[in-house]
Amino acid sequence: MNASQTSESTAGPVAGGTGAAGRTPVRPARVTVPSALVMTALLFAGSALFVPGTLATDSLLSMAPFAALLAVTAIGQMLVIQQGGLDLSVAGVISMSAVIVTKYPGGADSGLVPALLLVVLLALAVGLAHGYLVTVVGVTPLVATLGGNALLLGGVQHFTNGSPGAVPAGLQRFALAKTLGVPNTVLIAVSVAVIVALVVHRTVLGRRFQAVGANPAAARAAAISLIRYGTGTYVCAALCHAAAGVLLAGFIRTPALNIGDSYLLAGIAAVVVGGTALAGGRGTVLGTVLGALFLT
Amino acid sequence: MTSDGPVNGPVLRLTGVTKRYPGVVALRSAELEVLPGEVHAIVGENGAGKSTLMAIAAGSLLADTGTVEICHQVMRHPSPSAAQELGLAVVYQQPALLPDLTVMENLVFAMLPAWRPPMSRAATWARERLDLVGADVGLHERISGLSVADRQLVEIAKALAMEPRVLILDEPTEALVAEDVERLFEQVRRFAATGTAVVYISHRLPEVRRIADRITVLRDGETRGTFNMADVTEEDVLRLIVGRPIDSTFPGKATGDGADPGAAPVLDLRAVSGPRFHDIDLRIRPGEVVGLAGMPGNGHHDLARAVAGLQRLDGEVRIQGAPVRPATPRRALDAGIVYVPGDRPREGLFKSLSVRENAAVLTLADRAKAGFVRRSQERSVTAAQVGALAVKTPSLETPAGTLSGGNQQKVVLARSLLARPRLLIAEEPTQGVDVGTRLEIYRILRGLADEGNAVLVVSSDTHELQGLCDRVVIFSRGRVCAELEGSEVTEEAITGAILKGSPSSAAATPYGKPVGAAAEPETGPPASRRSPSVPWAKRLMSGDHAPGIVLAVAALLLVAFGAAGNDQLLTPQNFEGLLYTMSALIFVSLGQMIAVVLGGIDLSIGPLTGFLVVVASFLATSGSVAGTVTAIAAMVVLAALVGVLNGSMIRLAGMSPVVATLVAFIVLQGVSLLLRPLPGGFIHDSVITGLHATIGFVPWVFVAAVVVAVAAEWVLRRTRWGLQLRAVGSDEPAAHRLAAKVTLTHILGYGACSVFAALGAIVLMGQNGIGDATAGLTYTFSSITAVILAGASIYGGRGSFLSAALGAVLIEVTINVSAFLDLNEAWRHWLLGILTLVAAALFCGFRGGRLFRRAASA
């Protein structure tokens, strides 16, 4: 496993720079695409064709919003993968967020804002817990988020007693509306993508984040706090999944309890198709978004 | 060459060996002749071709032209095992040892069939091999717990076990301290005296001078001659190595003229203590280069790291008179303390990031506006610094990992200099750096001091300390035992002080720190030569079987607790059902355990189980014997196919296990849904009844599951297959060097993993009685939980099938008991989640987080 990881991560920075580094004049063209990524992309594409149920296929009309939601959660996943982890709590966070915006307001618009605040709090709590387990306790990301996911799914069962509810009309209107002819969901996805891309590639914060992903021990020696950046990653990821969950609930109005289930695999697929090496290291937001589009 | 008798002729002869890589000639008609009974040194700069030459001799690399003769036989089909069979053994600088296996298992695993002892005699055999080299280590200690010196000895014992005529030692002293070097030299002289030819590769000329009879110099891929050691001086050799006369190896030392004697010391430590050092007072004046020396584990490395903010430190620290509390690397950096890590691949370099990004990482905020990095400024600043240090790199955007060792170190130095250090702490600044670049690095360090800064060098190279340092402080047992200044700073004096500082009894001497401790130097007392005594709980929890005991106790307690709450729990009917359900998860968890021992994971195992039941729901509906047999055969064959495909995707297409098995997950789930969009296809009653048959109230499938688990455990512990599985999972590159069939092991391993899933599916088929595409999904999570509960290392190499089975037992008992206690669906999720997290956190706590393992192995 070590050997394949190493080869992947050294050959990894393929798609690097397609997005934010466009203005860099001296950047050498990186055209070599590791066969692993191509293979993966092909296989994922193939399997997506095989399985109508895994990905959203309700109708062509609804494709753009679904792609947008997938992109939002995939960006969260990308951040975790870039840190060498994997977030398996996607389904739990999406479903739980959807449950909060359906159950808490009880369909009334007035309850929407507190419900959204609750969702944010949930995402913060989930992200902090995962971050703590991974960076301080040292639990493998896969295991920490798998356990977290189980707790969240238990929460979904507990709060709904198995019966789904409906979101307030306001949220539904927002999720379905268009601004200047563009669906709001798409606008949100684009904003999230732009912000994350800018932060990751252009800011001090983002560059340190990349350093942690590339070599955590070296990052620590270079005065970067692993706990802070690691935990921040899981918090951002949980926020992305929660945002997707809220919008998805608004879009569908009466979301099923297992609404998040299909987004875990599709999200990882989008990241991989988008060219982020699963061994950690570099990743591009644009690639991930394109991956999401491609998959939907 | 002169003699023609086979006894006296060279036992290793390389003739006209040329090796080209794209764009580079690594070796050009290299010649080498090694005589029996001699110690033959090979010296040269990094990149001179030493490693290539040895790899060709050892059969692990194929030469373009030229021949290799070992014991007068030409190696016609070069391979590591061919070279070994002809009588050549190599002790690599990075020992090819498997960290998760025991000393004995490592020795046994490395043997070619002709030398392999039977498992029953392995212990005595291994003890003899170890005694031969004076290695005082426990047979059942894991390699990961040994000190570097002990690992080296185990590696040598391994090489000698195959009674080589030629023994190659590749930089054997790089990780050793003076005393261990002496012991090694004694052994080397002994082998040579018995007629073994020893090839000694090193760049430490003083050592070479002491041990070698003859010396061959390599430069730029060409052999520059072989000499009798007695006939040449060190300067002669150095000139041949570098290819130009060397005026002065080291830059001049501080004259003290420019320094203001009244100026505050740059670094002022007063009575500082930490985990491995006590009451240290140390002052470094502006312009001074001070060295710290001592045997590893005596606290000098820890002091340096603590001042850099990487370890705990109590006491008073002043930088230029101002009190500083370097509690974190960030605080230390802000105070002007910059640290150059000793372990460059692990802590120094971001291999995948570019030279520019590496150089800029410490000072990103200096060139930022509102949090955004100014790119043009960053480029010009890093380009200037990289240029000033003459880093040889194609461009600023080249990934730093592709540069040579010396240039990598210069990149790290460029980063450090950009941070304008007041105090630079450099640990082993020239380790793995060629001679030419060494000199440049010495000049850089001296130059920094000449500007009025302070430099603290921690080094195990006494030659370097003598040449570079104005003052050397020697540590012993966490305290300063000597301080040498000015003309006192000589190699002899430093070595003497190091040896004198330590108690004379070797057994009581801190003797190299285990590498595990080097990764987390914050914890624990100074590592002792023997495996340190650990708390019983920790020892228990870090064993392979221990988690199983805990799981069994937990399951029993749960049953007792549940029985107290509901008397229906302890009925035979409930137990029969519970044991039956349990059997399916036991089988699947055994499969998952294989993937995890291999260092991977199988996410597709759940959908596969479901898919196989769907398949059965088409074939096992008639109740005829033929139909049932066909169904079961189809399930096993399809499962094996899926497993082999998983393994192939991972090995042959280079996909990570997560991705590969995720693909399989999606495809299998899709196919299941296509075949059975809705549950349907009833398994014939006779099949179900057959599966549910019992012995007393115990279903026979449960008995089968237990028997299979015990058998699997036996295979894992006591057979070569099991050894190979763990070896590959523990350290794949090392396993490969040991001629393990890595790819085959992976493919067969995943195949076996899926076949276990098929066994689980057969049980599930009797439980559900109907083809349901979603029936198996939960098994992915449950089986991973079982394996985590079993304490398997998710990084591979460790695990126990018995514990995995007990993990499955605990999960099913938990679910069963919660049902009897009227806990709802939510509680099932919660209990599983809590079990997983608590188990994972506990094992991390007991074993020490392996958070940095990924970085360490990269």
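Owing to the predicted nature of the structure, the values given are computational and were not obtained by experimental measurement.

### Overview of the overall build of chain B
Here is step 1 of the chain: A count of helices and strands for chain B gives 33 helices and 26 strands.
Here is step 2 of the chain: Burial statistics for chain B: of 858 residues in total, 53% are counted as buried.
Here is step 3 of the chain: For chain B, the proportion of contacts with a sequence separation of at least 24, taken over those separated by at least 6, is 72%.

### Overview of the overall build of chain A
Here is step 1 of the chain: Across its full length, chain A holds 13 helices and two strands.
Here is step 2 of the chain: A total of 296 residues make up chain A; the buried ones form 61% of that total.
Here is step 3 of the chain: For chain A, contacts bridging at least 24 residues in sequence account for 76% of all contacts bridging at least 6.

### Quick word on the sheet that holds strand S3 (residues 39–43) of chain B
All names here are of chain B.
Here is step 1 of the chain: The strand order across the open sheet built from six strands is S6-S7-S8-S3-S9-S10, with neighbouring strands paired in mixed fashion. Each edge of the open sheet is held by one strand with a lone partner, namely strand S6 (88–91) and strand S10 (222–228). Looking at each pair of strands side by side, their axes are set apart by 20° on average, direction ignored.
Here is step 2 of the chain: As defined by bridge partners, S6 adjoins strand S7 (residues 166–170) across four bridges and the pair is classed as parallel. Bridging from a neighbouring strand, valine 90 pairs with isoleucine 168 of S7.
Here is step 3 of the chain: Packed on one face of the sheet, helix H1 (residues 50–57) meets S3, S6, S7, strand S8 (197–201) and strand S9 (214–219) and runs near 150° to S7.

### Comments concerning the UniProt feature "transmembrane region" (unreviewed entry) in chain A
Residues and elements named next belong to chain A.
Here is step 1 of the chain: The sites that UniProt annotates as "transmembrane region" (unreviewed entry) are residues 31–51, 63–81, 88–106, 112–135, 142–160, 180–200, 234–252 and 264–295.
Here is step 2 of the chain: Spanning residues 142–160, this segment combines 100% helix with 0% strand, and its end C-alpha atoms are found 27 Å apart.
Here is step 3 of the chain: Between the C-alpha atoms that bound residues 180–200 there is a distance of 29 Å. The span itself is 81% helix and 10% strand.

### Section: the packing of helix H7 (residues 169–176) of chain A against helix H11 (residues 226–252) of chain A
Residues and elements named next belong to chain A.
Here is step 1 of the chain: Following both chains from N to C, one finds H7 and H11 inclined at 95°, their axes separated by 7 Å at the closest point. Put simply, H7 runs roughly perpendicular to H11. On H11, the residues that touch Leu171, Gln172, Phe174, Ala175 and Leu176 of H7 are Leu247, Gly250 and Phe251.
Here is step 2 of the chain: Its residues assigned to classes, the contact of H7 with H11 comprises six nonpolar, two polar and no charged.

### Some details on the packing of helix H21 (residues 572–597) of chain B against helix H31 (residues 801–820) of chain B
All names here are of chain B.
Here is step 1 of the chain: Look at H21 against H31: their axes get within 8 Å of each other, and the N-to-C directions meet at 140°. As summarised for this structure, H21 and H31 are arranged oblique, according to the angle between their axes. Every pair of crossing elements has a handedness; the one defined by H21 and H31 is right-handed. Listed contacts from H31 to Leu578, Thr581, Met582, Leu585, Ile586, Ser589, Leu590 and Met593 of H21 are Phe801, Ala804, Ala805, Gly807, Ala808, Val809, Ile811, Glu812 and Asn816.

### Some details on helix H6 (residues 141–160) of chain A
Here is step 1 of the chain: When the terminal C-alpha atoms of H6(A) are compared, their 28 Å separation across 20 residues agrees well with the 28 Å that a helix rising 1.5 Å per residue should span.
Here is step 2 of the chain: Burial analysis of H6(A) places 17 of its 20 residues in the buried class, which makes it a mostly covered element.

### So, unusual backbone geometry
Here is step 1 of the chain: Even without being a glycine, Ala223(A) presents a positive backbone phi close to 65°.
Here is step 2 of the chain: Tracing the backbone shows Ala223(A) in the loop between helix H10 (216–221) and H11.
Here is step 3 of the chain: Its 23 C-beta neighbours within 10 Å are what place Ala223(A) among the buried residues.
Here is step 4 of the chain: Phi angles above zero are rare outside glycine, and Asp279(B) is one such case at about 50°.
Here is step 5 of the chain: With respect to the element layout, Asp279(B) can be found in strand S12 (residues 277–284).

### A word on helix H20 (residues 546–565) of chain B
Residues and elements named next belong to chain B.
Here is step 1 of the chain: For H20, which comprises 20 residues, the first-to-last C-alpha distance of 29 Å matches the rise-based estimate of 28 Å (1.5 Å per residue) to within 8%.
Here is step 2 of the chain: Residues Pro547, Gly548, Leu551, Ala555 and Gly562 constitute the buried set of H20. All buried residues of H20 lie within an arc of 100° about the axis, which places them on one face of the element. Opposite the buried face of H20, by more than 90 degrees, sit the exposed residues Val553, Leu557, Ala560, Phe561 and Ala564.
Here is step 3 of the chain: For H20, the elements touching its buried residues are helix H30 (778–789) and H31.

### Things to note about the confidence of the model for chain A
Here is step 1 of the chain: Here chain A shows a mean pLDDT of 74. Residues at 70 or above account for 70%.
Here is step 2 of the chain: The model gives residues 51–61 of chain A a pLDDT under 50, and that stretch makes 20 contacts with residues more than four places away or in other chains.

### Side note on the environment of Ile474(B)
Here is step 1 of the chain: Residue placement: Ile474(B) occurs in strand S21 (residues 471–476).
Here is step 2 of the chain: Residues Ile474(B) and Asn298(B) lie 176 residues apart in sequence; the distance between their C-alpha atoms is 9.4 Å.

### Topic: the environment of Ile259(A)
Residues and elements named next belong to chain A.
Here is step 1 of the chain: Within the secondary structure layout, isoleucine 259 lies in the loop between H11 and helix H12 (261–273).
Here is step 2 of the chain: As a C-alpha pair, isoleucine 259 and alanine 249 span 10 residues in sequence and 8.5 Å in three-dimensional space.
Here is step 3 of the chain: Apart from the residues lying within four places of it in its own chain, the contact partners of isoleucine 259 are Ile94, Ser95, Ala98 and Leu248.

### Here we look at the nonpolar core
Here is step 1 of the chain: If you look at the biggest cluster of nonpolar residues, it comprises 358 residues, and the most contacted ones within it are Val72(A), Val199(B), Ile337(B) and Ile425(B).
Here is step 2 of the chain: A per-element tally of this core places H11(A) first, with 16 residues.
Here is step 3 of the chain: Filtering out sequence-adjacent residues up to four positions away, Val72(A) remains in contact with Ile188(A), Ala189(A), Val192(A), Cys240(A), Ala243(A) and Ala244(A).

### Things to note about the domain arrangement of chain B
Here is step 1 of the chain: You can read the domains of chain B as domain 1 (12–242), domain 2 (267–519) and domain 3 (537–848).
Here is step 2 of the chain: Here domain 1 of chain B and domain 2 of chain B have C-alpha centroids that lie 31 Å from each other.

### Section: the sheet that holds strand S13 (residues 289–293) of chain B
Residue and element names in this part refer to chain B.
Here is step 1 of the chain: On the basis of which strands lie adjacent, the open sheet formed by six strands has the order S16-S19-S20-S13-S21-S22 and mixed pairing. Sheet topology places strand S16 (337–340) and strand S22 (479–485) at the edges, where each strand pairs with a single neighbour. This sheet shows a mean twist of 20° between the axes of neighbouring strands, independent of strand direction.
Here is step 2 of the chain: As judged from the six bridges shared by S21 and S22, these two strands associate in the antiparallel manner. Bridge assignment links valine 473 to a residue of S22, and that residue is glutamate 483.
Here is step 3 of the chain: Its contacts with the sheet place helix H15 (residues 435–450) against S13, strand S19 (423–427) and strand S20 (454–458), and it is angled at close to 145° to S20.

### Regarding the pairing of S3(B)
All names here are of chain B.
Here is step 1 of the chain: Of all the five residues making up S3, five are buried; the element is thus mostly covered by neighbouring parts of the structure.
Here is step 2 of the chain: Of the two faces of S3, the one carrying Val39, Ala41 and Val43 and the one carrying His40 and Ile42 are both buried.
Here is step 3 of the chain: Bridge analysis of S3 against S8 gives four bridges, and the strand direction is parallel. By the bridge assignment, valine 39 is partnered in S8 with valine 198.
Here is step 4 of the chain: Relative to S9, S3 is paired through four bridges, and the arrangement is parallel. Bridge assignment links valine 43 to a residue of S9, and that residue is valine 217.

### Observations concerning the pairing of S12(B)
In regular strands, side chains alternate between the two faces of the sheet.
Residues and elements named next belong to chain B.
Here is step 1 of the chain: Sheet topology places strand S11 (residues 267–274) next to S12; five bridges connect them, and they run antiparallel. Each residue of the ladder has a partner; that of glycine 274, found in S12, is phenylalanine 277.
Here is step 2 of the chain: Joining the antiparallel neighbours S11 and S12 is a turn of two residues.

About the criteria used
- Residues numbered from 1 in each chain as written.
- Chains lettered and ligands numbered in written order.
- Predicted model: local features only at pLDDT ≥ 70, side-chain atom pairs only at ≥ 80, totals over all residues.
- Helix = DSSP H or I, 4+ residues; strand = E, 2+ residues; numbered from the N terminus.
- Buried ≥ 20, exposed ≤ 12 C-beta atoms within 10 Å, placed from the backbone.
- Contact = placed C-beta atoms within 7 Å.
- Pairing = 2+ DSSP bridges.
- Axes fitted to C-alpha atoms, helices over the stretch in contact; angles between N-to-C directions.
- UniProt positions renumbered as here; feature names shortened; annotations may be inferred.
- Parallel < 35°, antiparallel > 145°, perpendicular 65-115°, else oblique.
- Nonpolar A, V, L, I, M, F, W, Y, C, P; charged D, E, K, R; others polar.
- Left-handed = near helix turned anticlockwise from the far one by under 90°.
- Expected span 1.5 Å × (residues − 1).
- Arc of directions from axis to C-beta.
- pLDDT = per-residue confidence, 0-100.
- Core = buried A, V, L, I, M, F, W, Y, C linked by C-beta atoms within 7 Å.
- Domains from an automatic or database assignment.

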